[in-house]
Amino acid sequence: MKVEEVSMREYFLILGKRIWTIVLITAISIAVSGVLSYFVLEPQYQTFTTLMVGKPKEYQNYDQKLDYNEVLLNQKLVTTYGELVKSRVVTDEVINNLGLDLSYKDFAEKVSVNLVKDTEIIKIEVTDKDPKLAAVIANETAQVFMKHVKDIMMVENVQIIDEARVPEIPVKPRPKMNMAIAGVLGLMISIFLVFLLEYLDNTIKTPEDIERYLGLPVIGTIPKLED
């Protein structure tokens, strides 16, 4: 127990000896993250539209009764509909309709399709530096998808639940979160650096170092005189 206490005391002494190194590196990390978040990184806005898609016409029951198997079928088909949203036939038409100067790859990076678990709902999310354009792309993608899913999958019951709205607050960057993460990383890096410097420093500084590393007893010390 005594050995553990001594070890912990030594660790704190090492950290205390280079405390300004730790403070400086941590402060620089936070400052750099803040500058990048507030003045360098471009804000990105995100909006979404949601659609509910039923089953294809050929799967519909003639008696029009909704049962559990019908719901399961619709949920399985939602995955297929999600892939259709990201298909070239849909994305190319959206790009042409809106006159966007985007490639298929660029468009795919802006638009993502999420399937709401255990439901028949598709969520189309769009991220862009222009909040108004993000809303326009999301709503146009929903409209184009509705047209093609009716032609390709023979689906009649497609409904838009939520139209995309113009977002007011950017989703990224998040300056406060970025600065907090940078502070933690800076603290960890600075502590690691302090212990590394201490490990590489093989000079003798105290009488205890002589006894520990050389195994020699200290019979006397010369005090430092102040001027």
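What you are looking at is a predicted structure, and each value in this text was computed from that prediction instead of being measured.

Draft legend 1. Summary view of the overall build of the chain. Scanning the chain for helices and strands turns up 8 helices and 4 strands. Every one of the 227 residues in the chain was classed for burial, and the buried ones make up 29%. Within the chain, contacts between residues at least 6 apart in sequence are counted, and of these 76% link residues at least 24 apart.

Draft legend 2. Representation of the packing of helix α4 (residues 88-98) against helix α6 (residues 131-152) within the structure. The contact between α4 and α6 brings their axes to 9 Å, and the two run at 130°. Compared by their axis directions, α4 and α6 come out oblique. When the axes of α4 and α6 are compared, the crossing they make is right-handed. Between α4 and α6, the residues in contact are Val 89, Val 90, Glu 93, Val 94, Asn 97 and Leu 98 and Val 136, Ile 137, Glu 140, Thr 141, Val 144, Phe 145, Lys 147 and His 148, respectively.

Draft legend 3. Main features of the pattern of salt bridges. Across all of its chains, the model carries 5 salt bridges by this definition. A salt bridge links Lys 17 to Glu 198; the shortest N-O distance between them is 3.1 Å. On the criterion of sequence distance, the pair formed by Lys 17 in helix α1 (residues 2-17) and Glu 198 in helix α7 (residues 175-200) is long-range, its members being 181 residues apart. Lys 147 is the salt-bridge partner of Glu 93, the closest N and O atoms lying 2.4 Å from each other. A residue pair is termed long-range when its members are at least 10 positions apart, and Glu 93 in helix α4 and Lys 147 in helix α6 qualify at 54 residues. Note on Lys 147: relative accessible area 39%, which makes it partly exposed.

Draft legend 4. A look at unusual backbone geometry. Each neighbour pair has its own omega, and for Lys 172 with Pro 173 the value is 0°, a cis peptide bond. Along the chain, Pro 173 turns up in the loop between β4 (158-162) and α7.

Draft legend 5. Focus on the nonpolar core. Formed by 30 residues in total, the largest nonpolar core has its most connected members in Tyr 81, Ile 122, Phe 145 and Val 149. Of all elements in the fold, only β1 (45-53), α3 (68-85), α4, β2 (111-115), β3 (121-128) and α6 reach the threshold of two or more residues within this core. With residues up to four places along the chain from it excluded, the contact list for Phe 145 reads Leu 51, Val 53, Tyr 81, Leu 84, Val 85, Val 90 and Ile 122.

Draft legend 6. Main features of the packing of aromatic side chains. Here the structure, examined in full by the defined rule, presents 2 aromatic pairs. With a centroid separation of 5.9 Å and an interplanar angle of 90°, the aromatic rings of Tyr 11 and Phe 195 are classed as edge-to-face. On the criterion of sequence distance, the pair formed by Tyr 11 in helix α1 and Phe 195 in helix α7 is long-range, its members being 184 residues apart. A relative accessible area of 43% places Tyr 11 in the partly exposed class. Residue classification places Phe 195 among the partly exposed positions, given a relative accessible area of 30%. It is Arg 88 that lies over the ring of Tyr 104; its NZ or CZ is 4.1 Å from the centre. It is Lys 123 that lies over the ring of Phe 48; its NZ or CZ is 4.4 Å from the centre.

Conventions and cut-offs
Residues numbered from 1 in each chain as written. Predicted model: local features only at pLDDT ≥ 70, side-chain atom pairs only at ≥ 80, totals over all residues. Heavy atoms only, no water. Helix = DSSP H or I, 4+ residues; strand = E, 2+ residues; numbered from the N terminus. Buried < 20%, exposed > 50% of the residue type's maximum accessible area, 1.4 Å probe, protein only. Contact = heavy atoms within 4.5 Å. Axes fitted to C-alpha atoms, helices over the stretch in contact; angles between N-to-C directions. Parallel < 35°, antiparallel > 145°, perpendicular 65-115°, else oblique. Left-handed = near helix turned anticlockwise from the far one by under 90°. Salt bridge = Lys/Arg side-chain N within 4 Å of Asp/Glu carboxyl O. Core = buried A, V, L, I, M, F, W, Y, C linked by side-chain atoms within 4.5 Å. Phe/Tyr/Trp six-rings, centres within 6.5 Å; stacked < 30°, edge-to-face > 60°. Lys NZ or Arg CZ within 6 Å of the ring centre and 35° of its normal.

Honestly, it's all geometry; don't read function into it.
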